[in-house]
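Structural features, examined
Take a look at the letters that make up each chain.
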Amino acid sequence: MTLTDVSILAGTLLVIAAPAEHALIRLLRTKTKNGNLQLLLTWADQAVAMLEKSDLAGTQKKQQAIDYVANRLEANKLAGKFSQEQLSAVIEQAVAHLNATATK
């Protein structure tokens, strides 16, 4: 096999394998993002449950919960992956979930 034949074969294999490689990369990115989101939701639930019985006012509790989650994100090198608005929304969702479970 000549160098030209090897080059053509390598190029052909790359063209054939490119869609599969792209799909694998997308799958891994999605799996990572889903894992990060699951961690965020778990930490939000923990923060809300931990602060539920505290004497803080509603807005103070929420800010404390956001700070707790932000610290967990930073400790796990995920700081910057979620905005403050997203953290606020996740805390509100965790509060709603806790209230719904408590009333059942």
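Residues numbered from 1 in each chain as written. Predicted model: local features only at pLDDT ≥ 70, side-chain atom pairs only at ≥ 80, totals over all residues. Heavy atoms only, no water.

Attention shifts here to the confidence of the model for the protein. Segments scoring low in pLDDT should not have their predicted coordinates read at a detailed level. Of the residues in the protein, 92% reach a pLDDT of 70 or more, and the chain-wide mean stands at 81. At the level of individual helices and strands, the protein shows its lowest average pLDDT in helix α1 (residues 3–51), which scores 78, and its highest in helix α2 (residues 58–75), which scores 88. (pLDDT = per-residue confidence, 0-100. Helix = DSSP H or I, 4+ residues; strand = E, 2+ residues; numbered from the N terminus.)

A cluster of nonpolar side chains, contributed by Met1, Val6 and Leu9, occupies part of the molecular surface with about 330 Å² of accessible area. Relative to the helices and strands, Val6 is located in helix α1. Given the relative accessible area of 40%, Val6 is considered partly exposed. (Patch = residues over 30% accessible without salt bridge, like charges linked within 9 Å, V, L, I, M, F, W, Y side chains within 5 Å. Areas by Shrake-Rupley, 256 points an atom, 1.4 Å probe, with all protein chains shown as cover. Salt bridge = Lys/Arg side-chain N within 4 Å of Asp/Glu carboxyl O. Buried < 20%, exposed > 50% of the residue type's maximum accessible area, 1.4 Å probe, protein only.)

Attention now moves to unusual backbone geometry. The general pattern is negative phi for most residues beyond glycine and trans for most peptide bonds. Not every positive phi belongs to a glycine, and Lys77 is a case in point at roughly 55°. For Lys77, the position within the fold is in the loop between α2 and α3 (84–102). Lys77 gets classed as exposed once you look at its relative accessible area, which sits at 73%.

For α2, which comprises 18 residues, the first-to-last C-alpha distance of 26 Å matches the rise-based estimate of 26 Å (1.5 Å per residue) to within 8%. Listed in full, the buried residues belonging to α2 are Ala65, Ile66, Val69 and Leu73. Around the axis of α2, the buried residues are gathered within 100° of arc, so they sit on the same side. Facing away from the buried side of α2 by over 90 degrees, the exposed positions are Asn71, Glu74 and Ala75. Immediately downstream of α2, the backbone of Lys77 shows phi near 55°, a positive value. (Expected span 1.5 Å × (residues − 1). Arc of directions from axis to C-beta.)

Across all of its chains, the model carries two salt bridges by this definition. One salt bridge in this structure joins Glu92 and Lys62, with 2.4 Å as the shortest N-O distance. One end of the pair, Glu92, is in helix α3; the other, Lys62, is in helix α2, and 30 residues separate them in sequence. Judged by relative accessible area, Lys62 falls into the partly exposed class, the value being 25%.

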